[in-house]
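# Descriptive structure summary
So you can see what is in the structure, the chains are spelled out below.
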Amino acid sequence: MWNLTRTMALDWAADNIQVNLIAPGWIRTEMTAGVLEDTERAAHIVA
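Residues numbered from 1 in each chain as written. Predicted model: local features only at pLDDT ≥ 70, side-chain atom pairs only at ≥ 80, totals over all residues. Heavy atoms only, no water.

## Points about the overall build of the protein
Helices and strands together make up the secondary structure of the protein, namely three helices and zero strands. Reading the protein from its N end, one meets helices and strands in the order α-α-α. Projected onto its principal axes, the C-alpha coordinates of the protein cover approximately 50 × 20 × 5 Å. Only carbon and sulfur atoms are counted for the fraction: they give 57% of the accessible area of the protein, which is about 4500 Å². (Helix = DSSP H or I, 4+ residues; strand = E, 2+ residues; numbered from the N terminus. Areas by Shrake-Rupley, 256 points an atom, 1.4 Å probe, with all protein chains shown as cover.)

## Examining the confidence of the model for the protein
Across the protein, the average pLDDT comes to 89, with 100% of residues at or above 70. Averaged pLDDT values over the elements of the protein bottom out at 83 in helix H3 (residues 39-46) and peak at 95 in helix H1 (residues 2-12). (pLDDT = per-residue confidence, 0-100.)

Here is the structure:
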């Protein structure tokens, strides 16, 4: 995804079009704290 985003941004820059990439990931919150504290599960998620 990174390379596609970079390529599109370079191609469309001449037309003043900006390209963004959203790369979701895990954020430590009250809801995810329990999962992330379990090292076995956290290793799988972070990988």
